[in-house]
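Structural description and commentary
Listed here are the chains, written in short residue letters.
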Amino acid sequence: MENEVRVRIAPSPTGEPHVGTAYIALFNRAFAKSHNGKFILRIEDTDQTRYTENSEKAIFESLRWLGLDWDEGPDIGGPYAPYRQSERTEIYRKYAQELLDKGLAYKCFCTKEELAEMRTRQEKEKRPAVGYFASDSPCRNLTPEQIKEKEEQGIPYVIRLKVPDDDPDALITFFDHTRKKEISRKYSEIDDQVLLKADGFPTYHLANVVDDHLMGITHVMRGEEWIVSTPKHILLYKAFGWKVPEFYHLSLLRNPDKNKSKISKRKNPVSLRWFRAAGYTPEALLNFLALMGYSRNTEGKTKEEISAMDIFTMDELDKEFDPARISTSGPAFDYEKLDSINNTYTERMSIDEFVKYQSERTAYLMKYLGVLAEEVKTRFRRFDKEVNSITDFFFRMKMNYNSKEFKKAKISFEEAGKVLKAVKKVFKDNATKLNTPEEFRECLANIVEKNGFDNRGLHMTVRVAVAGVGESLPLYESLALLGVYRCITRFDEAISALEKFAKEETK
RNA sequence: GGCCCCGUCGUCUAGCGGUUAGGACAUUACCCUUUCACGGUAGAGAUCAUGGGUUCGAAUCCCAUCGGGGUCACCA
């Protein structure tokens, strides 16, 4: 199978499984299926500092839930195992050594401080580009004796690629199949990339190129954020004397705000677990995601036919998939449209399917809620009262507050506004440190103490801001599950609502 | 800031030298309905970012400008 199409998705297990991963996976898989090829899952866990325990499991689980199953991967094996980069470090070391032997890479002993110094110097000189370039590299031309001496002193080092500097104006060019054009960068714009870190782990660039080659990847479909580093990868393929795969860069999903920045958890829910718990069906999410980056061929179709073409299954996509129809502009993630698509899928279900999906979803919701699941039970007075009404606030995009609820805090609207502004600031400043319920508890307690706020008033105000109502699930656990960024978003909405309520009252 | 990418209704998009610029979501009105939702019908909504070319003719080709995004880590 020399000409077999082989594509891959290579997520990094750092935190929640990202909707962007599913987006890229979907197109890779459709491409493989349409060519009778293979779709591979590879885990890129070379950053020990960002690795989180359950993240890999969550990626498997979420992708499987969506039906985006893979032909080879860390959990099912395959002819090119292992598929987890942390288990392949020997391989990367070997290839880094090969480059060293060929004189195409070198050991760099610079410290973090020296690197920082170099950076500030370059910025001061107003250089067009900042980085570890040949002309700036103190380590590039170290003699074998100097290297030996430093090694004997036990100075830690990294291995850097020696970017050719004989013709700085020469171009490195590749063809981007999504944009259908060549993209180039000058050699002079590329600095000596780190290949192997001081801890012996490879960087993305090395591991990715080595694995793609070893695993026989023929087509690389990945996010647009990689477009500028593709030339670096080309350089690596050349250094090894390997065949370069074909590249497709997909535009990034964007936040639906005016600026349309790359979609982020700071502004919107992006976790696949969230979408699942919120009650979206896999078919609907996939259909929606496909719509964001792909358009079907409408040639020769009637208006009526076209109007029904937005709804399609992955099987249909796999059959007709044409990579030339992937779009290049960054689509804003329209949660309302997702809802609408979800609706058309649920209304098409049989009653049996509907019931089955409802119970599957409820089961997952309880899992998602974690410690809060117990609390849901205690507030669940009757079975005809839905669990959803108690947990709904985790999935709302807009709160549309009612002034009556804020009155339960027994402090004025102005005071409540002040409280929320203070809490918001603290949350923002300590965003990365607020994860567990306990951390939220301490945080709020500190705010009460420092500002002399009414304890009950603050807690009720925060509760209403976050849940929309005065009676809801335990606060600290709710804040933790919601996540600090979505809390902040709600505070923003609550603060302006409170201002409005205050004005109306004085009228 | 340097470099790279992108630019059609509010949003996702069709279009690839000659179209009344089409569809979907959202939105408006009406119909259906004892309510809501679904469904149906009709409508509004895009001087195709702007300005120059090329051409008999440009959303479609070229250039410039502007706007947005990405990237400049021992993160991926």
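Since we're looking at a predicted model, the values are computed, not measured.

Okay, the environment of Glu16 next. One can find Glu16 in the loop between strand S1 (6-9) and helix H1 (19-34). Residue Glu16 is classed as partly exposed on the basis of its relative accessible area, which comes to 44%. Those residues in contact with Glu16, other than ones at most four positions away along the chain, are Ser271 and Arg273. A polar contact is formed between the side chain of Glu16 and the side chain of Ser271, at a distance of 2.5 Å. Polar contacts involving the side chain of Glu16 include one to the side chain of Arg273, which spans 3.0 Å.

Moving on, we get to the sheet that holds strand S4 (residues 158-161). On the basis of which strands lie adjacent, the open sheet formed by three strands has the order S3-S4-S7 and antiparallel pairing. For this open sheet the edge positions go to strand S3 (105-108) and strand S7 (194-196), each flanked by a neighbour on one side alone. On average, each strand axis in the sheet is tilted by 45° relative to the strand beside it, whichever way the strands run. Where S3 lies against S4, four bridges are found, and the strand directions are antiparallel.

Lining the immediate surroundings of RNA strand B are 54 residues, of which Arg119, Arg179, Lys197, Lys260 and Met292 lie closest. Among the atoms of RNA strand B lying within 4 Å of the protein, the sugar-phosphate backbone contributes 84%. At a separation of 2.8 Å, a phosphate oxygen of RNA strand B approaches a polar side-chain atom of Thr46. Between RNA strand B and the protein, one listed contact pairs a sugar or linking oxygen with a side-chain N or O atom of Arg254 at 3.3 Å.

Before going further, it helps to examine unusual backbone geometry. Of note, the amide linkage connecting Ala81 to Pro82 takes the cis form, showing an omega dihedral of -5°. Summarising the element assignment, Pro82 is placed in the loop between helix H2 (55-66) and helix H3 (89-102). Of note in this structure, Lys260 is not a glycine but carries a positive phi near 60°. Along the chain, Lys260 falls in the loop between strand S9 (246-250) and helix H8 (272-278). What makes Lys260 partly exposed here is its relative accessible area of 32%.

With 19 residues, helix H13 (residues 351-369) extends 27 Å from end C-alpha to end C-alpha; this agrees with the ideal 27 Å at 1.5 Å per step. Residues Tyr357, Arg361, Tyr364, Leu365, Tyr368 and Leu369 constitute the buried set of H13. Looking straight down H13, one finds that the buried residues subtend no more than 130° of arc, so they occupy a single side. Residues of H13 that are exposed and point more than 90 degrees away from the buried face comprise Asp352, Lys356 and Lys367. Just beyond H13, the residue with positive phi is Gly370, at close to 60°.

So, about the side chain of His459. For His459, the location among the structural elements is in helix H19 (residues 455-467). Separated by 2.9 Å, the side chain of His459 and the backbone oxygen of Asn455 make a polar contact. Leaving out residues up to four positions away in the same chain, His459 has contacts with Leu444, Leu475 and Tyr476.

A few words on the packing of aromatic side chains. All chains considered together, the criterion is met by 29 aromatic pairs. Seen from their ring centres, Phe31 and Tyr248 are 5.7 Å apart, and the 50° between their planes marks the pair as tilted. Of this pair, Phe31 sits in helix H1 while Tyr248 is found in strand S9, placing the two residues 217 residues apart along the sequence. Residue Tyr248 is classed as buried on the basis of its relative accessible area, which comes to 7%. An angle of 50° between the planes, with centres 5.6 Å apart, marks the rings of Phe413 and Phe501 as tilted. Taken as a pair, Phe413 in helix H17 (residues 413-429) and Phe501 in helix H21 (residues 484-506) lie far apart in primary sequence, 88 residues in all. Relative accessible area serves as the criterion here: at 8%, Phe501 is assigned to the buried category. Taken together, Trp274, Phe275, Tyr280, Phe288, Phe333, Tyr335, Tyr368, Phe393, Phe394 and Phe395 form an aromatic cluster joined through their ring pairs. Sitting over the face of the ring of Tyr132, Arg160 holds its NZ or CZ atom 3.7 Å from the ring centroid.

What counts and how
- Residues numbered from 1 in each chain as written.
- Chains lettered and ligands numbered in written order.
- Predicted model: local features only at pLDDT ≥ 70, side-chain atom pairs only at ≥ 80, totals over all residues.
- Heavy atoms only, no water.
- Helix = DSSP H or I, 4+ residues; strand = E, 2+ residues; numbered from the N terminus.
- Buried < 20%, exposed > 50% of the residue type's maximum accessible area, 1.4 Å probe, protein only.
- Contact = heavy atoms within 4.5 Å.
- Polar contact = N/O pair within 3.5 Å; in protein donor to acceptor, adjacent residues only side chain to side chain.
- Pairing = 2+ DSSP bridges.
- Axes fitted to C-alpha atoms, helices over the stretch in contact; angles between N-to-C directions.
- Near = heavy atom within 4 Å.
- Expected span 1.5 Å × (residues − 1).
- Arc of directions from axis to C-beta.
- Phe/Tyr/Trp six-rings, centres within 6.5 Å; stacked < 30°, edge-to-face > 60°.
- Lys NZ or Arg CZ within 6 Å of the ring centre and 35° of its normal.

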